[in-house]
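The residues making up each chain are set out below.
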Amino acid sequence: MHSHTDATVFIVDDDASVREGMAWLLRTRRLLSEGYDSAEAFLQMLTNTSPAWGVGGLPPQAGCILLDVRMPGMSGLALFEHLLDSGLAQAWPVIFLT
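These notes cover the structure that comes with them. Throughout, a residue's number is its position along its own chain's written sequence, starting from 1. Thresholds applied to this predicted model are a pLDDT of at least 70 for local features of residues and 80 or more for the giving and counting of side-chain atom pairs; totals over whole chains, interfaces and linings are not thresholded and use all residues. Side-chain numbers here rest on the full set of heavy atoms in the structure, without hydrogens or water.

Focus: the nonpolar core
Proteins that are soluble and globular tend to have nonpolar side chains buried together. Buried residues of nine kinds, namely Ala, Val, Leu, Ile, Met, Phe, Trp, Tyr and Cys, make up a nonpolar core once their side-chain atoms join them within 4.5 Å. Burial classes follow relative accessibility: with a 1.4 Å probe on protein chains only, a residue under 20% of its type's maximum area counts as buried, one over 50% as exposed, and anything between as partly exposed. Counting residues in hydrophobic clusters, the biggest one holds 16 residues, and the most contacted among them are V12, F42, L46, I65 and L79. Helix and strand labels come from DSSP, where a helix needs a run of H or I of at least four residues and a strand needs a run of E of at least two; each type is numbered from the N terminus. When residues in this core are grouped by element, the largest group, five residues, is from helix α2 (residues 39-49). Counting residues in each nonpolar core, the second largest holds seven residues, with V9, A23, L26 and C64 among its members.

In C-alpha cells:
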C-alpha cells in the first residue's frame, strides 16, 4: 500500500527513543520520516543535497520538521534561527518538541 502523501517529516532529536517513537507514530499514519540525531547532522544533509533540489531550495518531499529545542552542540533554537536566516522556515513548517 502506498502512503497517502509523499511528504517526509524530518525528526531532529538527540534522543534515539524519541526519534524512533515519533517515526513509529508517523508510520501508523502512513507518513514517511527521516531522523537526525543532531542539528549539525540535519544541516549536513541540507548542505549535501540542496544543489539537487533546484531553484525552490526545498527538497521535493519536504513536509515539516519536528525539532527538539534542547540538544548538545547546536540547539534546536539555533537551527531554527539558521532556517529563518536562509529562508527555509517560511516555507517549511517547524514543530518544536520540548
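Some points on the side chain of S38
Summarising the element assignment, S38 is placed in the loop between β2 (32-36) and α2. Note on S38: relative accessible area 15%, which makes it buried. Setting aside anything within four residues of it in sequence, one finds S38 in contact with V12 and M71. Contacts were defined at the residue level, with two residues in contact if any of their heavy atoms lie within 4.5 Å.

Quick look at the packing of aromatic side chains
Aromatic ring pairs are described here by two measures, namely the spacing of the ring centres and the angle between the planes. For Phe, Tyr and Trp, rings pair up if their centres lie within 6.5 Å, where Trp contributes its six-membered ring, and each pair is then called stacked (planes under 30 degrees apart), edge-to-face (over 60) or tilted (otherwise). Under the criterion given, the structure shown has four aromatic pairs. With a centroid separation of 5.8 Å and 65° between ring planes, the pair formed by F10 and F42 is classed as edge-to-face. Residue F10 is located in strand β1 (residues 8-12), and its partner F42 is located in helix α2; the two are separated by 32 residues in the primary sequence. In this structure, F10 and F42 share a single accessibility class: buried. Seen from their ring centres, F80 and F96 are 5.2 Å apart, and the 70° between their planes marks the pair as edge-to-face. One end of the pair, F80, is in helix α3 (residues 76-86); the other, F96, is in strand β4 (residues 94-97), and 16 residues separate them in sequence. Classification of F96 by relative accessible area gives partly exposed; the value is 32%. These aromatic residues form a ring-pair network of at least three members: F10, Y36 and F42.

Observations regarding α3
Taken as a whole, α3 has its buried residues at G76, L79 and L83. Looking down the long axis of α3, one finds its buried residues gathered within 60° of arc, a one-sided arrangement. Two residues or fewer past α3, G87 is found with a positive phi of approximately 85°. Relevant arc is that of directions from the helix axis to the C-beta atoms, nothing else.

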